[in-house]
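# Close look at the chain arrangement
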Amino acid sequence: MSLPQFKLLRPRTLDQAVAHLANHSNNLRILAGGTDLIPSMRQKLFEPEYLLDIRHIAELKGIREQQGSGVAIGALTPLADIEHSALLKKRYPVLSEAASTVASPVLRNMGTIGGNICLDTRCLWYNQSLTWRKACGFCIKKDGDLCHVAPGGTKCWAAFSGDTPPALLCLNAEVEVIGPYGSRCIPLREFYTGLGDNYRRLQPNELLTRVFLPEATADYRGIYRKLRVRGSIDYPLAGVAVVMKGSNGHVADARVALTAVNPAPVLVKGAREALLEKTVDEALAETVGDLAAKTAKPLTTSALTPEYRREMIRVFTKRAVLAAARN
Ligand SMILES: Cc1cc2nc3c(=O)[nH]c(=O)nc-3n(C[C@H](O)[C@H](O)[C@H](O)COP(=O)(O)OP(=O)(O)OC[C@H]3O[C@@H](n4cnc5c(N)ncnc54)[C@H](O)[C@@H]3O)c2cc1C
Ligand code: SF4
């Protein structure tokens, strides 16, 4: 599958990148590691006139501890750096663990945290070649007006399938976005729309620049569990992140978030309240597993059945809650 023709823009500074965004936002895509964008372009899912290659902007890379106010991670920081960072492994272990499960080592060397947060949603009927999609019929997400997954509906249910966003949601992370008007910070929980086809609140002339991990969630125990077909490389088909802070044998704070079972990564409703001030045991972990299974809304967007994926969310959540409490 060949790549469509495009013009490459290669800014060296953030100011140059913003100038390109202001001039060409109508038909431009941002290229970070390219591990998702390039295969998608080969499948003709995107045919931008311009690619804004941000890989040479040094100020977008790196993991920096900010005295007393958490950690800032540049959007262009490779996932491998997040996986191996001693600072993150010690202070935000759930994020390092989630990063370590993305794809394979080669893809983690290329793939970035910004690209993982901005990752396109996935569906069996969408992530296919142009020939395949033409033969089966186009859908709402690209070039068509029907949904093969929920026929009769008008909504796209493609699943958000990035591994680090559930960990970031649990940590109460914020993202910094820059555009021609200046920059703004958004809590990650407000970044996603819940729509499969228009899944993030990012304007075409905006760039994600940094991720902030607050001091308040540093040193929380954390666990990430993921279901995939091939353990060595695949996207998640269900994933759960759990963070917990203990005090005198009780839960002082906790959060649980899911990926790959909804059009956005989501916090599990009621999980924090169910865990607060309790001692974790099998029964409580099972209750949280049930809440997670209720929040998960998998459909036939992937190779595994929705029923199995929802059940695995229940099982993984229970195990992750018990493991986080033991940590
Ligand atoms: C075989 C294979 C297996 C994979 N398995 C997994 C997996 O298990 N888990 C997983 O999470 N992912 C997986 N991926 C997807 C991908 O490798 C990762 O999600 C990676 O983190 C994407 O980052 P990137 O820098 O390569 O993004 P790119 O491909 O460069 O970009 C992805 C999207 O984000 C946008 N974007 C990138 N950076 C920014 C920014 N700073 N601001 C605004 N928009 C931006 C791009 O325009 C594009 O729409 C897999 C990919 C492949 C090919
Ligand atoms: S969920 Fe429906 S509209 Fe969305 S990509 Fe899949 S088939 Fe297309």
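Our structure's up above, just so we're on the same page.
Residues numbered from 1 in each chain as written. Chains lettered and ligands numbered in written order. Predicted model: local features only at pLDDT ≥ 70, side-chain atom pairs only at ≥ 80, totals over all residues. Heavy atoms only, no water.

### Some points on the packing of helix H11 (residues 282-295) against helix H12 (residues 306-326)
The N-to-C vectors of H11 and H12 enclose an angle of 145°; their axes lie 8 Å apart at closest approach. Pair H11 / H12 crosses with right-handed handedness. Contacts from Glu282, Ala285, Glu286, Val288, Gly289, Asp290, Ala292 and Ala293 in H11 reach Arg310, Ile313, Arg314, Thr317, Lys318, Val321 and Leu322 in H12. Class assignment for the residues of the contact of H11 with H12 results in seven nonpolar, two polar and six charged. (Axes fitted to C-alpha atoms, helices over the stretch in contact; angles between N-to-C directions. Helix = DSSP H or I, 4+ residues; strand = E, 2+ residues; numbered from the N terminus. Left-handed = near helix turned anticlockwise from the far one by under 90°. Contact = heavy atoms within 4.5 Å. Nonpolar A, V, L, I, M, F, W, Y, C, P; charged D, E, K, R; others polar.)

### Notes on the environment of methionine 244
If you trace the backbone, methionine 244 turns up in strand S10 (residues 238-247). Sequence separation between methionine 244 and glutamine 66 is 178 residues, and the spatial gap between their C-alpha atoms is 22 Å. Excluding residues within four positions of it along the chain, methionine 244 makes contact with Tyr220, Arg221, Val251, Asp253, Ala254, Leu275, Val280, Val321, Ala324 and Ala325.

### What to know about the site of ligand 2
Taken together, Cys123, Trp125, Tyr126, Cys139, Ile140, Lys141, Cys147, His148, Val149, Cys156, Trp157 and Ala158 make up all the residues around ligand 2. Its residues placed into classes, the shell around ligand 2 shows 10 nonpolar, one polar and one charged. (Near = heavy atom within 4 Å.)

### Let's talk about the site of ligand 1
Residues in contact with ligand 1 amount to 34 residues; listed here are only the nearest, Ile30, Thr35, Thr112, Asp163 and Asp234. Contacts to ligand 1 include aspartate 36, whose backbone N or O atom sits 2.8 Å from an oxygen atom. Here an oxygen atom of ligand 1 and a side-chain polar atom of lysine 226 are 2.8 Å apart. Computed on the free molecule, ligand 1 has an accessible area of 970 Å², of which 94% lies beneath the protein chains in the complex. The element that contributes the greatest number of residues to the shell around ligand 1 is helix H7 (residues 113-117), accounting for three residues. Within the shell around ligand 1, the residues separate by chemical class into 17 nonpolar, 11 polar and six charged. (Polar contact = N/O pair within 3.5 Å; in protein donor to acceptor, adjacent residues only side chain to side chain. Areas by Shrake-Rupley, 256 points an atom, 1.4 Å probe, with all protein chains shown as cover.)

### Overview of the nonpolar core
Counting residues in hydrophobic clusters, the biggest one holds 41 residues, and the most contacted among them are Leu95, Ile117, Phe191, Val211 and Leu213. Sequence-distant contacts of valine 211, that is, excluding residues within four places in its chain, are made with Val71, Ala72, Ile73, Ile113, Ile117, Leu168, Ala173, Glu174 and Val175. Ranked by size, the runner-up nonpolar core spans 29 residues in total, among them Ala274, Leu275, Val288 and Leu322. (Core = buried A, V, L, I, M, F, W, Y, C linked by side-chain atoms within 4.5 Å. Buried < 20%, exposed > 50% of the residue type's maximum accessible area, 1.4 Å probe, protein only.)

### Here's the deal with the pattern of salt bridges
Considering all chains together, one arrives at 21 salt bridges under this definition. Between glutamate 83 and arginine 108 there is a salt bridge whose closest N-O contact spans 2.9 Å. A residue pair is termed long-range when its members are at least 10 positions apart, and glutamate 83 in helix H3 (residues 79-84) and arginine 108 in helix H6 (residues 105-110) qualify at 25 residues. The same class applies to glutamate 83 as to arginine 108, namely buried. Here lysine 318 and glutamate 286 are joined by a salt bridge, their closest N and O atoms 3.1 Å apart. Here glutamate 286 lies in helix H11 and lysine 318 lies in helix H12, a separation of 32 residues in the sequence. If you follow the salt bridges from partner to partner, you end up with Glu65, Arg91, Glu215 and Asp219 in one network. (Salt bridge = Lys/Arg side-chain N within 4 Å of Asp/Glu carboxyl O.)

### Concerning the pairing of strand S9 (residues 221-227)
In terms of burial, S9 is largely enclosed, as five of its seven residues are buried. One ladder, built from seven bridges, connects S9 with S10; its direction is antiparallel. The partner of arginine 225 across the bridge, within S10, is valine 240. (Pairing = 2+ DSSP bridges.)

### Brief notes about the packing of aromatic side chains
In this structure the tally under the stated criterion is three aromatic pairs. Consider the rings of tryptophan 125 and tryptophan 132, whose centres lie 5.9 Å apart with planes at 65°: the pair is edge-to-face. For tryptophan 125, a relative accessible area of 27% translates into the label partly exposed. Measuring from ring centre to ring centre gives 5.1 Å for phenylalanine 191 and tyrosine 192, while their planes differ by 85°; the resulting arrangement is edge-to-face. Taken individually, phenylalanine 191 and tyrosine 192 each receive the classification buried, so the pair is uniform in this respect. (Phe/Tyr/Trp six-rings, centres within 6.5 Å; stacked < 30°, edge-to-face > 60°.)

### A closer look at the sheet that holds strand S3 (residues 50-53)
Remark on secondary structure: sheet strands pair via backbone hydrogen bonds, oriented parallel or antiparallel. Taking strand neighbours across the sheet as the criterion, the three strands line up as S1-S3-S2 in an open arrangement whose pairing is parallel. Bordering the open sheet on either side are strand S1 (7-9) and strand S2 (28-31), each of which pairs with just one other strand. The sheet shows a mean angle of 25° between the axes of neighbouring strands, taken without regard to direction. When S1 meets S3, the two strands line up parallel, connected through three bridges.

Keep in mind these values describe shape, not function.
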